[in-house]
Amino acid sequence: MRIMGLDFGAATMGVAISDELLITAQPIEIIRREKENQLRHTYQRLEELIKEYDVQEIVLGYPKMLNDTIGEKAQACEKVKDDLERRTGLKVTLVDERLTTVQAHRILDEAEMSYKKKAAVIDKMAASIILQTYLDSREK
């Protein structure tokens, strides 16, 4: 059994997967799309990854505002959550993702990664941080 972590953005979906012991998160893929609301291909790819990795649960980054209110991006994530639960039959948990992208940038800056290389991995790194946060918060 594994858990999948997702970072939903306007043009991408970062994907991370836990190890089988549910201890660590690994970034695996960025699913890109041309238009924000065209999610059919994204959902199809996620379904493939769910089967490939035997995923039993999904965590989805929930971008609440810093003042703890729900904005447009968080509302879009709520729709994605509902869509994923309906399509996959899996439980989808929303995880507060405030500042995860900032944290991912810091990690990549420390690795002295170029801007171009950072842009290619930032979303899956953010998904990995979201998933790791969730894994660390679970009761041991």
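Everything quoted here is computed from the prediction, not taken from an experiment. (Residues numbered from 1 in each chain as written. Predicted model: local features only at pLDDT ≥ 70, side-chain atom pairs only at ≥ 80, totals over all residues. Heavy atoms only, no water.)

**Observations regarding the overall build of the chain**
Argument step 1. A tally of regular secondary structure across the chain gives four helices and five strands.
Argument step 2. Reading the chain from its N terminus to its C terminus gives the helix and strand order β-β-β-α-β-α-β-α-α.
Argument step 3. For the chain, with 140 residues in total, the buried portion stands at 44%.
Argument step 4. Across the chain, every contact between residues at least 6 apart in sequence was considered, and the portion connecting residues at least 24 apart equals 60%.
Argument step 5. Approximately 8,200 Å² of the chain is accessible, and the part contributed by carbon and sulfur atoms is 50%. (Helix = DSSP H or I, 4+ residues; strand = E, 2+ residues; numbered from the N terminus. Buried < 20%, exposed > 50% of the residue type's maximum accessible area, 1.4 Å probe, protein only. Contact = heavy atoms within 4.5 Å. Areas by Shrake-Rupley, 256 points an atom, 1.4 Å probe, with all protein chains shown as cover.)

**Section: the nonpolar core**
Argument step 1. If you look at the biggest cluster of nonpolar residues, it comprises 22 residues, and the most contacted ones within it are Met4, Leu6, Met13, Val15, Leu46, Ile58 and Val80.
Argument step 2. Of all the elements in the fold, those that place two or more residues in this core are strand S1 (2-8), strand S2 (12-18), helix H1 (40-53), strand S4 (55-62) and helix H2 (72-88).
Argument step 3. With sequence-adjacent residues up to four places away left out, leucine 46 is seen in contact with Met4, Leu6, Met13, Val15, Ile31 and Leu84.
Argument step 4. Judged by nonpolar contacts, the second largest core, of 11 residues, contains Val59, Val95, Leu131 and Tyr134. (Core = buried A, V, L, I, M, F, W, Y, C linked by side-chain atoms within 4.5 Å.)

**What about the pairing of S4?**
Argument step 1. Within S4, seven of the eight residues are buried, which leaves it mostly tucked inside the rest of the structure.
Argument step 2. Relative to S4, S1 runs parallel, the two sharing five bridges. Considered in S4, the bridge of arginine 2 is made with valine 55.
Argument step 3. Here six bridges tie S4 to strand S5 (residues 91-96), and the two strands are oriented parallel to one another. Each residue of the ladder has a partner; that of isoleucine 58, found in S5, is valine 92. (Pairing = 2+ DSSP bridges.)

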